[in-house]
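Below are the chains, spelled out letter by letter.
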Amino acid sequence: MPLLSIDDLSIGFRGPLLLDGVSATIEAGQRIGLLGRNGAGKTTLMRLLDGRLQPDSGNISFKPGAKIARLTQSVPRDLAGTVHQVVMAGQEDTGDPETQWQVQHAVDSTLSRMELDPEMEFQTLSSGMKRRVLLARSIASEPDVLLLDEPTNHLDIPSILWLENFLSNWKKTLIFVTHDRSFLQTLATRIWEIDRGKLFDWSCDYSTFLKRKEDAIAAEEKQNALFDKRLAEEEAWIRQGIKARRTRNEGRVRALKAMRVERSQRRKGEGRAKMKLQEAERTGMLVADVDEISFSYGNRKIINKFSTMLMRGDKIGIIGHNGAGKTTLLKLLLGQLEPDEGTVRTGTNLQVAYFDQLRDTLDPESTVVENVGDGSDKVRVGDKTKHIMGYLQDFLFTPERARTEVRFLSGGERNRALLARLMTKPANVIVLDEPTNDLDSETLELLEEQLADFNGTLLMVSHDRTFLNNVVTSTIVFEDSGVHEYAGGYDEWRAAVERKQSNQDAKKTQAEVKTKNEKVKNTPEKNRKLSYKDQRELEQLPERIELLEKSIGEVHEVMSEPGYYQKSGEDIAADAARLKKLEDELATAFARWEELDS
């Protein structure tokens, strides 16, 4: 019996049904990524699965005894107490002492596995740690199905990586909604997509889904075009009149009526948002010259002697854990905040457009039209003037949603409203602070294209690894040792860190080899119980290990050069194969050395 079955499920509020007769089954242990445009019905399906909503028709059935838990997007504001108290409060109270002991044990075990201090006060935790506590609260009861709605929102990269690793090792069934494509690719073993009221089961991972989806869209467009051509031919025939009341003609008329009904019931896709960044007059070549700046909040040092130079056209990503000081660095780079030490010299003719993390530039009490149009019913787009309603339709706002107050919008709609406002203002420097939260993947991809084609300067704070890889040319990273700048996106930064760590490990090992070599040389001959051949090999191994480590270090130095990844794929693959061979030889030499030395 399946763990969960959905049978002919339908639900709607206003307008077309969000879910229209959908059916599916889930087996134990699957990890399902739930996709769909903003407003397609993903959260609605989650609420149906956990019983918060009841369908208009159809039903959902679980295997007897199966339990379900859901982690929502937002952190409840009324939660207080210690971590242990918050997690315990989410467990079922049966009143049975034996059962309560088991619950207590499960909570303690869960907190230990998730590296949570039970005595910490919940309200003092960072947003990432609060989300971890709520996850512990959800899984302490060992649910058979865990529902996660945008679990990575507002998490920093270390927290996202921790969550990825934890869920990868979690053996129960997982259904999750996320905009984070790297997270989706790592976790999902099956893709569900809600599109125009239907639930499509792609039964594959995310990268395979993207290829199949592209093929499916092409096939659907071709099929619709052929249907529309045939319908047009039949409409032309009927207008000519029926010359004789023959059976075959009557059947043709009935077929035409059926085609008309089928065409009228076809639900079109929402379409794709149409975004166009407006570029202001170019800045000078220099945007900002940052020299040895330092900044502190009280006794806490945020930035210490950091230098960089921003040039026109640079696209800079800023990475760091929550609270590290990323937004503070943005303000320092733009001259909006004075450093405690050092200088920031900004260039000429800077026109900055700012996309705020907290969405404070939108008035929640005003409508989307009022926020974007600033009181006018027209906006200027390039050298043309466009009516505000037509402009907002390019950002997928229906007239009804465009007249809705911002406080009633979903997170994705707020982001699109902010992008619409941002793109009415010509700029040569764009600042984006967490722009990807709540945006669907299609809108994300379009935003990526716009930013990649933007000729001005981009400064962006983001925890979205795929977005960083696709857009930025360099990254500024808050690390334990300070703030450092690296060429390339997230993957290039991680590769540079790993190379640095590898070099440090190699130097440490080299020092250990020399120490042990001296020990071997100083060991009295009578204490060595080796054959002449083994003794000779032992004496030669330190030199061989040193040569191998030197060769590995040389390869790492070549690969760390800024222009290295502009080489051909064959050259890069050859270097990688050589490095693997050297590392394997080094591992073998170490194993042999340990064997002989003991």
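Attention in this report is confined to the structure presented alongside it. Nothing here was measured: the structure is a model prediction, and the numbers come from that model. (Residues numbered from 1 in each chain as written. Predicted model: local features only at pLDDT ≥ 70, side-chain atom pairs only at ≥ 80, totals over all residues. Heavy atoms only, no water.)

A few words now on the overall build of the chain. Along the backbone of the chain there are 18 helices and 20 strands. Each principal axis of the C-alpha distribution contributes one length, and for the chain these read about 115 × 70 × 60 Å. The buried share among the 598 residues of the chain stands at 45%. Across the chain, contacts joining residues at least 24 apart in sequence account for 68% of those joining residues at least 6 apart. Accessible surface, the chain: about 31,400 Å² in total, of which carbon and sulfur atoms supply 48%. Between the centroid of the 86 positive side chains of the chain and the centroid of its 97 negative side chains there is a distance of 6 Å. (Helix = DSSP H or I, 4+ residues; strand = E, 2+ residues; numbered from the N terminus. Buried < 20%, exposed > 50% of the residue type's maximum accessible area, 1.4 Å probe, protein only. Contact = heavy atoms within 4.5 Å. Areas by Shrake-Rupley, 256 points an atom, 1.4 Å probe, with all protein chains shown as cover. Lys, Arg positive; Asp, Glu negative; His and termini not counted. Charge placed at Lys NZ, Arg CZ, Asp CG, Glu CD.)

Now for the sheet that holds strand S11 (residues 300-311). Sheet strands line up and pair through hydrogen bonds in the backbone, either parallel or antiparallel. Spatially, the three strands line up as an open sheet ordered S11-S10-S13, and their pairing is antiparallel. Edge positions in the sheet fall to S11 and strand S13 (341-346), since each has one partner strand and no second. The average undirected angle you get between the axes of adjacent strands in this sheet is 15 degrees. Note that strand S10 (residues 286-297) and S13 share five bridges and pair antiparallel. Of the residues in S13, the one forming a bridge with Ala288 is Thr346. Across the face of the sheet, helix H9 (residues 326-333) comes into contact with S10, S11 and S13 while running at roughly 135 degrees to S10. (Pairing = 2+ DSSP bridges. Axes fitted to C-alpha atoms, helices over the stretch in contact; angles between N-to-C directions.)

Evaluated as defined, the whole model comprises eight aromatic pairs. Linked through ring pairs, Trp202, Tyr206 and Phe209 together constitute an aromatic cluster. Positioned over the ring face of Trp162 is Arg132, at 3.8 Å from the centre of the ring. A cation sits over an aromatic face here: Arg494 above Trp493, 5.0 Å from the ring centre. (Phe/Tyr/Trp six-rings, centres within 6.5 Å; stacked < 30°, edge-to-face > 60°. Lys NZ or Arg CZ within 6 Å of the ring centre and 35° of its normal.)

Once the charged atoms of two side chains with opposite charge are near each other, the side chains can pair. Overall, the coordinates contain 25 salt bridges when judged by the stated rule. We note a salt bridge from Glu405 to Arg407, for which the minimum N-O separation is 2.6 Å. Look at Arg407 and you get partly exposed, because its relative accessible area is 39%. Here Arg592 ties to Asp534 by a salt bridge, and the two come within 3.3 Å at their closest N and O atoms. Here the residue Arg592 occupies a position in helix H18 (residues 569-597), and Asp534 occupies one in helix H17 (residues 532-559), the gap between them amounting to 58 residues. Exposure remark for Arg592: the relative accessible area of 23% places this residue in the partly exposed category. What emerges from the salt-bridge pattern is a single network uniting Glu193, Asp195, Arg196, Lys213 and Glu220. (Salt bridge = Lys/Arg side-chain N within 4 Å of Asp/Glu carboxyl O.)

This next bit is on the sheet that holds strand S12 (residues 315-319). Spatially, six strands are ordered S14-S17-S18-S12-S19-S20 in an open sheet, and the strand pairing comes out mixed. On the outer flanks of this sheet lie strand S14 (352-355) and strand S20 (482-487), each paired with one strand and no other. Geometrically, the sheet is characterised by an average inter-axis angle of 15 degrees between neighbouring strands, direction not taken into account. Taken together, the five bridges between strand S17 (residues 429-433) and strand S18 (residues 457-461) define a ladder with parallel strand orientation. Bridge assignment links Asp433 to a residue of S18, and that residue is Val461. On top of the sheet, helix H13 (residues 411-422) reaches S14 and S17; it is set at about 175 degrees to S14, its chief contact.

Attention now goes to the pairing of strand S9 (residues 198-201). As defined by bridge partners, strand S8 (residues 190-195) adjoins S9 across four bridges and the pair is classed as antiparallel. By the bridge assignment for S9, Ile194 is matched with Leu199. Between S8 and the antiparallel strand that follows it, S9, lie two residues; Arg196 among them carries a positive phi value of about 55 degrees.

Between its terminal C-alpha atoms helix H7 (residues 206-239) stretches 48 Å, which fits the 50 Å expected from 34 residues at 1.5 Å a residue. Buried within H7 we find Tyr206, Phe209, Lys213, Phe227, Leu231, Glu234, Glu235 and Trp237. (Expected span 1.5 Å × (residues − 1).)

On to unusual backbone geometry, then. We note that Glu115 has phi near 55 degrees; this positive angle belongs to a residue other than glycine. With respect to the helices and strands, Glu115 occurs in the loop between helix H3 (97-113) and helix H4 (127-139). Residue classification places Glu115 among the exposed positions, given a relative accessible area of 56%. A positive phi angle, near 55 degrees, is found at Glu292, a position not held by glycine.

Scanning the entire structure with this criterion turns up three cavities of 30 Å³ or more. Taken as a whole, the largest cavity holds about 110 Å³ of empty space. Around the largest cavity, the lining residues are Leu71, Gly128, Met129, Arg131, Arg132, Leu135, Leu148, Pro151, Leu155, Ser159, Trp162 and Leu163. The set of elements that each furnish at least two residues to the lining of the largest cavity consists of H4 and helix H5 (157-168). Per-element accounting of the lining of the largest cavity gives the leading share, five residues, to H4. For the lining of the largest cavity, the residue count by class is eight nonpolar, two polar and two charged. (1 Å grid on protein atoms, 1.4 Å probe; cavity = no way out; pocket = protein on both sides within 12 Å on 5 of 7 lines; lining within 4 Å. Points joined across faces, edges and corners; volume = space filled by probe spheres on them. Nonpolar A, V, L, I, M, F, W, Y, C, P; charged D, E, K, R; others polar.)

Attention now moves to the pairing of S10. The buried count for S10 comes to nine of twelve residues, which makes it a mostly enclosed element. Pairing of S10 with S11 involves eight bridges; the strand directions are antiparallel. Counted as the bridge partner of Tyr297 is Arg300 from S11. The hairpin turn running from S10 into S11, its antiparallel successor, is two residues long, and Gly298 in that turn takes a positive phi close to 65 degrees.

This part is about the side chain of Lys42. Within the secondary structure, Lys42 sits in helix H1 (residues 42-49). Summary of buried charges: Lys42 has no salt-bridge partner, and the nearest side chain of opposite charge, Glu150, is 6.2 Å away. Engagement of the side chain of Lys42 in a polar contact is seen with the backbone oxygen of Gly36, the distance being 2.9 Å. In this view, Lys42 contacts Leu34, Leu35, Gly36, Arg37, Val177 and Ile194; residues no more than four positions away in its chain are not counted. (Polar contact = N/O pair within 3.5 Å; in protein donor to acceptor, adjacent residues only side chain to side chain.)

Time to look at the environment of Asp377. Relative to the helices and strands, Asp377 is located in the loop between helix H10 (368-373) and strand S15 (378-381). Through-space distance from the C-alpha of Asp377 to that of His387 is 6.0 Å; in sequence the pair is ten residues apart. Every residue in contact with Asp377, bar those within four places of it in the chain, is listed here: Lys386, His387 and Ile388.

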